[in-house]
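Examining the three-dimensional arrangement
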Amino acid sequence: MGKIKKIGVLTSGGDAPGMNAAIRGVTRAAIFNEMQVIGIRHGYHGMINGHFKELKAYSVSDIIGRGGTILKTARSMEFMTEEGRKKAYDNLKNEGIEAVVVIGGDGSLTGARIFCDEFPGIPFIGIPGTIDNDIYGTDYTIGYDTALNTVVEAVDKIRDTASSHNRLFFIEVMGRDAGFIALESGVATGAEAIFVPELTNQAAELKDFLEKGCKRKKSSNIIIVAEGDEEGGAMQIAEKVKKEFEEYSVRVSILGHIQRGGTPSAKDRYNASKLGYYAVEALLDDQKSVMIGIKDNEIVNVPFRKVTKKHKSIDPADLLMADILSI
Ligand code: F6P
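Residues numbered from 1 in each chain as written. Predicted model: local features only at pLDDT ≥ 70, side-chain atom pairs only at ≥ 80, totals over all residues. Heavy atoms only, no water.

1. A short note on the pattern of salt bridges
Counted according to the given criterion, the structure contains 14 salt bridges. Arg113 is paired through a salt bridge with Asp117; the nearest N and O atoms lie 3.9 Å apart. Of this pair, Arg113 and Asp117 both sit in helix H4 (residues 106-118), separated by 4 residues, roughly a single helical turn. The class for Arg113 is buried, based on a relative accessible area of 18%. A salt bridge links Lys242 to Glu239, with the nearest nitrogen and oxygen atoms 3.5 Å apart. In this pair, Lys242 and Glu239 are both assigned in helix H9 (residues 234-244), 3 residues apart and thus about one turn of the helix distant. Since its relative accessible area comes to 38%, Lys242 is described here as partly exposed. Using a relative accessible area of 37% as the deciding quantity, one classes Glu239 as partly exposed. One continuous salt-bridge network, built from bridges that share partners, spans Arg159, Glu192 and Lys218. (Salt bridge = Lys/Arg side-chain N within 4 Å of Asp/Glu carboxyl O. Helix = DSSP H or I, 4+ residues; strand = E, 2+ residues; numbered from the N terminus. Buried < 20%, exposed > 50% of the residue type's maximum accessible area, 1.4 Å probe, protein only.)

2. Side note on the environment of Val9
Position of Val9 relative to the elements: it lies in strand S1 (residues 6-11). A sequence separation of 229 residues divides Val9 from Ala238, and the C-alpha atoms of the two residues are 43 Å apart. When residues no more than four places from it in sequence are discounted, the contact partners of Val9 are Val26, Val37, Ile38, Gly39, Ile40, Leu55, Leu71, Val101 and Ile103. (Contact = heavy atoms within 4.5 Å.)

3. Here's the deal with the pairing of strand S11 (residues 298-303)
Note: strand S10 (residues 290-295) against S11, 6 bridges, orientation antiparallel. In the sheet register, Gly293 faces S11, and the bridge partner there is Val300. From the end of S10 to the start of S11, which pair antiparallel, there are 2 residues, and Asp296 there has a positive phi angle of about 45°. (Pairing = 2+ DSSP bridges.)

4. Section: helix H6 (residues 180-188)
Within H6, the full set of buried residues consists of Phe180, Ile181, Ala182, Leu183, Ser185 and Gly186. Against the buried residues of H6 lie helix H5 (144-165), strand S6 (168-173), strand S7 (193-195), strand S8 (221-226) and helix H12 (316-325). Backbone geometry just after H6 places Gly190 at a positive phi near 65°.

5. Here we look at the side chain of Ser76
With respect to the element layout, Ser76 can be found in the loop between strand S3 (52-55) and helix H3 (82-95). Residue classification places Ser76 among the buried positions, given a relative accessible area of 13%. A polar contact of 3.1 Å, which involves the side chain of Ser76, links it to the backbone nitrogen of Phe79. (Polar contact = N/O pair within 3.5 Å; in protein donor to acceptor, adjacent residues only side chain to side chain.)

6. Regarding the confidence of the model for the protein chain
For the protein chain, the mean per-residue pLDDT works out to 95, and 98% of the residues sit at or above 70. Taking the mean pLDDT of every element in the protein chain, the minimum, 63, falls on helix H8 (residues 214-217) and the maximum, 99, on helix H1 (residues 19-32). (pLDDT = per-residue confidence, 0-100.)

7. Some details on helix H7 (residues 202-211)
All of the buried residues along H7 are Gln202, Leu206 and Leu210. The arc that holds every buried residue of H7, seen down its axis, measures 75°, which confines them to one face. (Arc of directions from axis to C-beta.)

8. Here's the deal with the packing of aromatic side chains
Throughout the structure, instances matching the rule amount to 8 aromatic pairs. Relative to Phe115, the ring of Phe79 has its centre 5.8 Å away and its plane inclined at 15°; by these criteria the two rings are stacked. Linking Phe79 in the loop between S3 and H3 with Phe115 in helix H4, this pair joins segments that are 36 residues apart in sequence. Its relative accessible area of 3% is what places Phe79 among the buried residues. Aromatic side chains Phe115 and Phe124 sit 4.8 Å apart centroid to centroid with 35° between the ring planes, which places their arrangement in the tilted category. On the basis of relative accessibility, which here comes to 0%, the residue Phe115 falls in the buried class. Taken together through their ring pairs, the aromatic side chains of Tyr44, Phe79, Tyr89, Phe115, Phe119 and Phe124 make up a single cluster. If you follow Lys312 out to its NZ or CZ, it ends over the ring of Phe180, 5.3 Å from the centre. (Phe/Tyr/Trp six-rings, centres within 6.5 Å; stacked < 30°, edge-to-face > 60°. Lys NZ or Arg CZ within 6 Å of the ring centre and 35° of its normal.)

9. Here we look at a nonpolar patch on the surface
There is a patch of nonpolar side chains on the surface, built from Val187, Leu320, Met321, Ile324 and Leu325 and spanning about 470 Å² of accessible area. Ranked by the residues each element gives to the nonpolar patch, the list is headed by H12, at 4 residues. (Patch = residues over 30% accessible without salt bridge, like charges linked within 9 Å, V, L, I, M, F, W, Y side chains within 5 Å. Areas by Shrake-Rupley, 256 points an atom, 1.4 Å probe, with all protein chains shown as cover.)

10. As for the sheet that holds strand S9 (residues 250-254)
Pairing in this open sheet of 4 strands is parallel, and the strands run S7-S8-S6-S9 from one edge to the other. The sheet is open, and its two borders are formed by S7 and S9, each paired with just one other strand. Going from strand to strand, the sheet's axes swing by 20° on average, the running direction of each strand aside. By the bridge criterion, 6 bridges tie S6 to S8 in an arrangement that is parallel. Of the residues in S8, the one forming a bridge with Val173 is Ala226. (Axes fitted to C-alpha atoms, helices over the stretch in contact; angles between N-to-C directions.)

11. Focus: the site of the ligand
Within the structure, the ligand sits among Arg75, Thr130, Ile131, Asp132, Met174, Gly175, Arg176, Glu227, His257 and Arg260. Asp132 has a polar side-chain atom sitting 2.7 Å from an oxygen atom of the ligand. Protein chains shield 76% of the accessible area of the ligand, which is 400 Å² for the free molecule. In terms of residue class, the shell around the ligand is built from 2 nonpolar, 3 polar and 5 charged. (Near = heavy atom within 4 Å. Nonpolar A, V, L, I, M, F, W, Y, C, P; charged D, E, K, R; others polar.)

The following block contains the structure:
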């Protein structure tokens, strides 16, 4: 393939702090290499509906420290249909866009893989962007570090109230399919128990823990629950506990979208910039259908096929460690 002259960049799925740094990285690296850059607004929805806007080097000034995504994002149902993808292809062709960089999570990269199988003429490069950190093939995803720190700060604050009132708090954190946020925030805040989607039968263990009278031993108890847990959310688990253990003063806190916003951490700004830069390098190397990730501190190019077929989840040994450290 000859040298690419015009590329598109978009963010898709849930926004994540650091996405702007990646957009900046892609834009500046591409312009340095004499490519024209088109920002595709509103993710795949914008690709289908022609929401295109040229990005110059100055268009991405002063965004590296901002949360969210200046390109906006969406979860497009239409892109899941053949018809929607055909419309998107026609729009890219009409606009003269020869390659696309997609910044997003599992679903967005799956969309990219399907599109590339149908329309191999337009290379796509992926960048992992999700606070969930659940993308196979990369140790790092954009936004996870910032989200984790937000959760830790919030849980520390709740701990103050929990200790002052001798309460048992259930705190729900994000993570539909993977318990990374729950596990790492739980360890980092010394949580007494952690519920993750990867494990079953955790309710029985909790019952055991409460029966042993954890209340008498500690002045506060924090249980972190990942939203995707099989037992239901923090609210459902707390309701059951309240009925069975009336002696506990139980409260629930659902952290929600506070976890997705805010100023990106230094790590998220740096890594996202790097992924953006290397996405353009990959295009210059004639690569396509790969996600640029970070594995053992090295930049790696992982085929979409692998990224979207395999699942990354926490190591249960880490939960055992968490249990032991919280005795
Ligand atoms: O994938 C990121 C994430 O924040 C998940 O942790 C969460 O389940 C989901 O997005 C929430 O999505 P929405 O903001 O569309 O409700």
